[in-house]
Amino acid sequence: MIPAQHPYEANYKQEANGRTVYRSKPVIAWDDEGQALVVDERSGRLVPADSGRNFTGLSEGGHLVVAAIPGGGWSARYKNEDGTFTVDPLVAWTVRSDGILTPVDTDTAGLCDDVTTMGNFDGLVAPRAETGTAQQDSSA
């Protein structure tokens, strides 16, 4: 058995209440023949990913978040519909297992998300060295 070093997911499709439901499981390891292994929750064992009849294939998975560090005075700038800009402080940077840092902001409901996925994201604003507060970009 070879532990999975790169994230892959086994994908499954099933019908439930007249609609198609998709789900996935992370590939935990590969057997000696190169077959993907996933956890079978019922037996508590690793089983071949394609052992279920609902298996549709493998896909590359996302790298897991392994740490989070404070925002450090950085901010995200968003462009409003009227052409003005809003600058919000980052609450954190997440660190993924592949080493990628992702800037994280929070909305008014307290939900956190990657700022770069927002449709009106305009850029990151670095903190000012002397005050530790965000520096407004004069070109905006």
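Our subject is the structure that appears above.
Cut-offs used in this document
- Residues numbered from 1 in each chain as written.
- Predicted model: local features only at pLDDT ≥ 70, side-chain atom pairs only at ≥ 80, totals over all residues.
- Heavy atoms only, no water.
- Helix = DSSP H or I, 4+ residues; strand = E, 2+ residues; numbered from the N terminus.
- Rg over C-alpha atoms; globule rule 2.2 N^0.38 Å.
- Contact = heavy atoms within 4.5 Å.
- Areas by Shrake-Rupley, 256 points an atom, 1.4 Å probe, with all protein chains shown as cover.
- Phe/Tyr/Trp six-rings, centres within 6.5 Å; stacked < 30°, edge-to-face > 60°.
- Buried < 20%, exposed > 50% of the residue type's maximum accessible area, 1.4 Å probe, protein only.
- Pairing = 2+ DSSP bridges.
- Core = buried A, V, L, I, M, F, W, Y, C linked by side-chain atoms within 4.5 Å.
- Polar contact = N/O pair within 3.5 Å; in protein donor to acceptor, adjacent residues only side chain to side chain.

Asks: Please clarify how the overall build of the protein chain should be interpreted in this entry.
Replies: The helix and strand inventory of the protein chain stands at zero helices and 14 strands. In sequence order, the secondary structure elements of the protein chain are arranged as β-β-β-β-β-β-β-β-β-β-β-β-β-β. The C-alpha atoms of the protein chain give a radius of gyration of 21 Å, which is well past the 14 Å a tight globule of 140 residues would have. Seen along its three principal axes, the alpha-carbon backbone of the protein chain occupies a region of about 60 × 40 × 25 Å. Counting only contacts in the protein chain whose residues sit at least 6 apart along the sequence, the fraction spanning at least 24 positions is 44%. Carbon together with sulfur atoms contributes 51% to the accessible area of the protein chain, which is approximately 9500 Å² in total.

Asks: Sorry if this is basic, but what is going on with the packing of aromatic side chains here?
Replies: Geometrically, a pair of aromatic rings is defined through the distance of the ring centres and the angle of the planes. Applying the stated rule across the entire model yields four aromatic pairs. Ring centres 5.9 Å apart and planes at 80° place the aromatic pair Tyr8 and Trp30 in the edge-to-face group. You can see Tyr8 sitting in strand β2 (residues 8-16) and its partner Trp30 sitting in strand β4 (residues 29-30), a full 22 residues away along the chain. For Tyr8, a relative accessible area of 32% corresponds to the partly exposed category.

Asks: Can you help me understand the pairing of strand β3 (residues 19-26) in this one?
Replies: Within a regular strand, the side chains alternate between the two sheet faces. Note that β2 and β3 share eight bridges and pair antiparallel. Directly across from Glu9, in β3, lies its bridge partner Pro26. Hairpin connection, β2 to β3: the antiparallel pair is bridged by two residues, and Asn17 has positive phi, about 55°.

Asks: Sorry if this is basic, but what is going on with the nonpolar core here?
Replies: The nonpolar side chains of soluble globular proteins are, as a tendency, buried together. Among the nonpolar cores identified, the biggest contains seven residues, and these are Ala10, Tyr12, Val27, Trp30, Ala36, Val38 and Ala49. Mapped by element, the contributors of at least two residues to this core are β2 and β5 (36-40). Beyond its immediate chain neighbours, meaning those up to four positions away, Tyr12 contacts Val21, Tyr22, Arg23, Lys25, Val38, Ala49, Asn54, Phe55 and Thr56. Tyr78, Leu90, Trp93 and Val115 belong to the second largest nonpolar core, which has five residues in total.

Asks: How should I be thinking about the environment of Asp107 in this particular structure?
Replies: Of note, Asp107 is situated in the loop between β12 (101-106) and β13 (112-114). Taking the C-alpha atoms as reference points, Asp107 and Asp88, 19 residues apart in sequence, are found 9.5 Å from one another. Of the polar contacts made by the side chain of Asp107, one reaches the backbone nitrogen of Ala109; its length is 3.0 Å. There is a polar contact of 2.9 Å between the side chain of Asp107 and the backbone nitrogen of Leu111.

Asks: Just to check I follow, could you spell out the side chain of Thr102 for this structure?
Replies: In this fold, Thr102 is placed in strand β12. Among the residues examined, Thr102 registers a relative accessible area of 12% and is labelled buried. Excluding anything up to four places from it in sequence, Thr102 contacts Ala92, Trp93, Thr94, Arg96 and Asp114.

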